[in-house]
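Structural description and commentary
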Amino acid sequence: MRRYQSGVPNAPFSFPGLVFYWRRLRAENPDVVIVRGVTRWFCRIAALCTILQGRQLVIYDQEDARPPAWSGTWLRRAVFQRLGIPHFTSRLSSNLDPVGAGSAIPLPFGSPFEPAQIGELEDRPLHWPPRILMVAKYRDRKGHSLLLRALATISASSPFSVTFCGEEATKADTAFCQALRHEAQALGLADRLQFQNNVAHDGMTSVYASHDLLILPSRTEPAAVSPIEAAWAGCAVLMSRDSGTRHYMPEGPAFDFDPDDPQDIARAIAGLVARPEDLRLARDACFARISSVASDEEILRLFEAFVPDTAQSRRRR
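My aim in this report is to walk through the structure given alongside it, one point at a time.

Secondary structure summary: the protein contains 12 helices and 10 strands in total. Rg of the C-alpha trace for the protein: 21 Å, near the compact-globule value of 20 Å for 317 residues, within the 12% margin. Its C-alpha atoms put the protein at 65 × 45 × 40 Å along the principal axes. Per-residue burial over the protein gives 48% buried out of 317 residues. Summarising the internal contacts of the protein: among those between residues at least 6 apart in sequence, 67% fall at separations of at least 24.

This is the structure we're talking about:
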């Protein structure tokens, strides 16, 4: 229900009617309401109704766990902390100091797969030559062209294939894909590149299973989900070191790169595809890391520890 005209889906200025939402929330009668930050108007309406109805509000954003003091994120969180409202973030942090003013409690994204699926995907055989995958919207900031240029620098010494997987829903998307095909041709990678577009989410399992290394050279990505899915599916993962979900993967430069530097991207790729054993170890390391920080049990433990009423209600049931 738009209250502000915008051609952007899920626009920040679109929101439901206040009376309608108030009544619907009353009818649903939840104990806890989680909103995805408070910078979008539809989240603000949910937060306002939740507070006025006396329900437990949890704010779950995608910003730094420890933002700079007096920044916009720091100030928003500090205000809600004064109101006794917990603030979570999907970003993990290497800083284990106690949460202070303006900070948020890291609560990672969970696994998209069932436990049985995870076991099957983790144990799947390694493909060789390496099959590289990039899952992202067709936008300049995602870094498709940077990845092609990086791969071109190691193509003479490393066998591989690369798949771009995204949504081709508009003429702009189609033109973007066509431009990538032309660039691959100019770089001598045309025979190594393929596209798998418009895959339904429940079909992504087979996409991940047919690849061994996911690369996401996206710039300023607040919360990249495809690396998380890929790691749970048994892939090795390389991503921009400034990505919001970078800490879901193992520490160290072997698993990240500077997204503005094709040479650094090439360095990281070459380190994992030199030998089958190197790629196998990287796959295992990514799976071990994400299993330790983002398992269902770990997420439930973190959530219940900071929302006591939820834990007590669950135990009573």
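Attention now moves to the pairing of strand β9 (residues 236–240). When a strand is regular, its side chains alternate between the sheet's two faces. Counted residue by residue, β9 has 5 buried out of 5 residues, so it is predominantly covered. Examined bridge by bridge, strand β8 (residues 213–216) and β9 share 4 bridges and lie parallel to one another. Residue pairing across strands places Leu 214 opposite Val 237, the latter belonging to β9. The pairing of β9 with strand β10 (residues 256–257) spans 2 bridges and is classified as parallel. When the sheet's bridge partners are listed, Met 239 is paired in β10 with Asp 256.

What follows concerns the sheet that holds strand β4 (residues 105–106). As summarised here, the arrangement of the 4 strands in space is β1-β2-β3-β4, forming an open sheet in which the pairing is parallel. Strands at the two margins of the open sheet, each flanked by one partner only, are β1 (32–35) and β4. Inspection of the sheet shows strand β3 (residues 87–89) paired to β4 by 2 bridges, in the parallel sense. Paired with Thr 89 across the bridge in β4 is Pro 106.

Once that is clear, we can look at the sheet that holds β10. If you trace the 6 strands from one edge of the open sheet to the other, you get β7-β6-β5-β8-β9-β10, paired in parallel fashion. Strand pairing shows two members of the sheet lacking a second neighbour, β7 (193–195) and β10, which therefore form its edges. Taken strand by strand, helix α5 (residues 144–154) contacts β5 (131–135), β6 (161–165) and β8, and its axis lies near 180° from that of β6.

Moving on, we get to the side chain of Ser 240. With respect to the helices and strands, the residue Ser 240 is situated in strand β9. Those residues in contact with Ser 240, other than ones at most four positions away along the chain, are Leu 216, Pro 217, Ser 218, Arg 246, Asp 256, Phe 257 and Pro 259.

Alternating positions in β1 separate cleanly, Val 33 and Val 35 being buried on one face and Val 32 and Ile 34 remaining unburied on the opposite face. Pairing of β1 with strand β2 (residues 56–61) involves 4 bridges; the strand directions are parallel. Across the sheet, the residue bridging to Ile 34 is Val 58, located in β2. Remark: the β1/helix α2 (residues 41–52)/β2 crossover connection has right-handed handedness.

Enumeration according to the criterion identifies 7 aromatic pairs in this entry. Ring plane angle 70° and centroid distance 6.2 Å describe the contact between Tyr 60 and Phe 109, whose orientation is recorded as edge-to-face. Residue Tyr 60 is located in strand β2, and its partner Phe 109 is located in the loop between β4 and α4 (115–122); the two are separated by 49 residues in the primary sequence. Owing to a relative accessible area of 18%, Tyr 60 belongs among the buried residues under this scheme. Ring geometry for Trp 70 against Trp 74: centres 4.6 Å apart, planes inclined by 45°, an arrangement best described as tilted. Members of the aromatic cluster, joined through ring pairs, are Tyr 138, Phe 164, Phe 176 and Phe 195. A cation sits over an aromatic face here: Arg 44 above Trp 41, 4.8 Å from the ring centre. The ring of Phe 195 is capped by Arg 181, whose NZ or CZ atom sits 4.3 Å from the centre of that ring.

About the cut-offs
Residues numbered from 1 in each chain as written. Predicted model: local features only at pLDDT ≥ 70, side-chain atom pairs only at ≥ 80, totals over all residues. Heavy atoms only, no water. Helix = DSSP H or I, 4+ residues; strand = E, 2+ residues; numbered from the N terminus. Rg over C-alpha atoms; globule rule 2.2 N^0.38 Å. Buried < 20%, exposed > 50% of the residue type's maximum accessible area, 1.4 Å probe, protein only. Contact = heavy atoms within 4.5 Å. Pairing = 2+ DSSP bridges. Axes fitted to C-alpha atoms, helices over the stretch in contact; angles between N-to-C directions. Right-handed = clockwise from strand over helix to strand, strands pointing away. Phe/Tyr/Trp six-rings, centres within 6.5 Å; stacked < 30°, edge-to-face > 60°. Lys NZ or Arg CZ within 6 Å of the ring centre and 35° of its normal.

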